[in-house]
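Commentary on secondary and tertiary structure
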Amino acid sequence: MVMSTLQAIQYERGSLRLLDQRKLPHESTLIPVNDPESGWHAVKDMAVRGAPAIAVSAALCLAVDLTKRGSGEQFPGPREAEAYVEDRLKYLVTSRPTAVNLQDAASKLMAVTRKAAQASGATSSSVVSAYIDAAEGMIATDIASNKSIGKHGADAIMGSLQAGGAGPSSARILTICNTGSLATAGYGTALGVIRSLLADNRLEHAYFCETRPFNQGSRLTAYEMAHDNIPSTLICDSAAAALVASGRVDAVVVGADRVTANGDAANKIGTLMLATVASHYRIPFFVAAPTTTLDPSLPDGGHIKIEERPSEEVTHWCGQAIAPASTQVWNPAFDVTPSSMITGIITERGVIQQEHGRINVHAFMVAEGL
Ligand code: MRU
């Protein structure tokens, strides 16, 4: 196994390379992604995955494309540059449907681009430069968000364990999928919370689900755990209930791909199962996600489009059939956890707590001026 880097997105102006996550943990291969078409395929085919990493990679592949086009010189004017950016962003957003982060990034980048096109003295170069600067800025913003989520999350988890008297001074956490450096521009969301607990000597142990069928847990989270020497144990997805029932987990923390106005959260398939187990055994269940994952335009989780992936992900393993050829498959990539089962949503701006079975995402966003 190669332990070279946890940096999924390797960018410098004019060049974007993505760590091919389909090949981890055995091979660290970088693939050049220098235009929207290859960016779209890298997202769709899961060379890059994880809601924040998808958004940043897609934004940057268009930045590279625009840089290569001579920073706007080939567009007749600012309006044509704006129209091109809009067209390519609309296309990139179609790559995967469930995570909202790319859609959120596209509308923010489009607003920047439109403003630049309308500015007095605008040229195609000034429009393209505005886009590139904004897309590049997403890298540092995402890492800073994740570090802040880590801190808020570690405090919230320890606070919930100590509520009502002396609790443990370190936590045993269960998580699913990969929500770390590989799923973001760096550090991670739920895995960032685990990193933050470890940094403060408040992590006793992290358990993580293998996350069938794409094995983001056993391939990617295991890779990050080993890289950072995080005390941790891999479990089969189906062992989660038994693990919690045995009393070895204090809290569950997971990522999210989209959180609706009422606090329902879409995340990797199997998350609802963890929430159900946490609720049954009365342990806290936290969702860790940047505010770019909040989608107040949808009233509840029933409105989230859940991606269904090819049946081969379930019936095959490394190209080898593990089920009879005639087997019918249902392979949803995500499920939705109702807000009534979520203790709180940890964002970079603080925790949106559940109150009386409800999480008011809309009110939080208004209060935060988002
Ligand atoms: O299908 P994936 O690997 O893109 O799914 C990823 C997840 O579900 C993550 O939990 C989510 O995107 C948050 S990543 C910080």
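This is a predicted model, so every value here is computed, not measured. (Residues numbered from 1 in each chain as written. Predicted model: local features only at pLDDT ≥ 70, side-chain atom pairs only at ≥ 80, totals over all residues.)

**Observations regarding the packing of helix H1 (residues 36-44) against helix H3 (residues 78-93)**
Angle between the axes and distance between the axes are the two parameters that describe a pair of packed helices. One way to put it is that H1 packs onto H3 with a least axis distance of 9 Å and a crossing angle of 15 degrees. Here H1 is positioned roughly parallel relative to H3, judged by the angle of their axes. In this structure, H1 meets H3 at a crossing whose hand is right-handed. Contact residues: H1 offers Pro-36, Gly-39 and Trp-40, while H3 offers Arg-88, Tyr-91 and Leu-92. Counted by class, the contact of H1 with H3 contains four nonpolar, one polar and one charged residues. (Axes fitted to C-alpha atoms, helices over the stretch in contact; angles between N-to-C directions. Helix = DSSP H or I, 4+ residues; strand = E, 2+ residues; numbered from the N terminus. Parallel < 35°, antiparallel > 145°, perpendicular 65-115°, else oblique. Left-handed = near helix turned anticlockwise from the far one by under 90°. Contact = placed C-beta atoms within 7 Å. Nonpolar A, V, L, I, M, F, W, Y, C, P; charged D, E, K, R; others polar.)

**What to know about the site of the ligand**
Taken together, 17 residues form the shell around the ligand, and within it Arg-49, Ala-51, Ala-183, Gly-255 and Lys-268 come nearest. Of all elements in the fold, only helix H2 (51-68) and strand E9 (265-268) reach the threshold of two or more residues within the shell around the ligand. Class assignment of the residues belonging to the shell around the ligand gives a composition of seven nonpolar, seven polar and three charged. (Near = placed C-beta within 6 Å.)

**Here we look at the UniProt feature "active site" (unreviewed entry) in the protein**
With numbering matched to this structure, UniProt assigns "active site" (unreviewed entry) to Asp-257. Relative to the elements of secondary structure, Asp-257 occurs in the loop between strand E7 (251-254) and strand E8 (258-260). Judged by C-beta crowding, with 29 C-beta atoms within 10 Å, Asp-257 ranks as buried. In this structure, Asp-257 is in contact with Ala-51, Thr-98, Ala-99, Ala-266, Asn-267, Thr-293 and Phe-334, ignoring residues within four places of it in sequence. (UniProt positions renumbered as here; feature names shortened; annotations may be inferred. Buried ≥ 20, exposed ≤ 12 C-beta atoms within 10 Å, placed from the backbone.)

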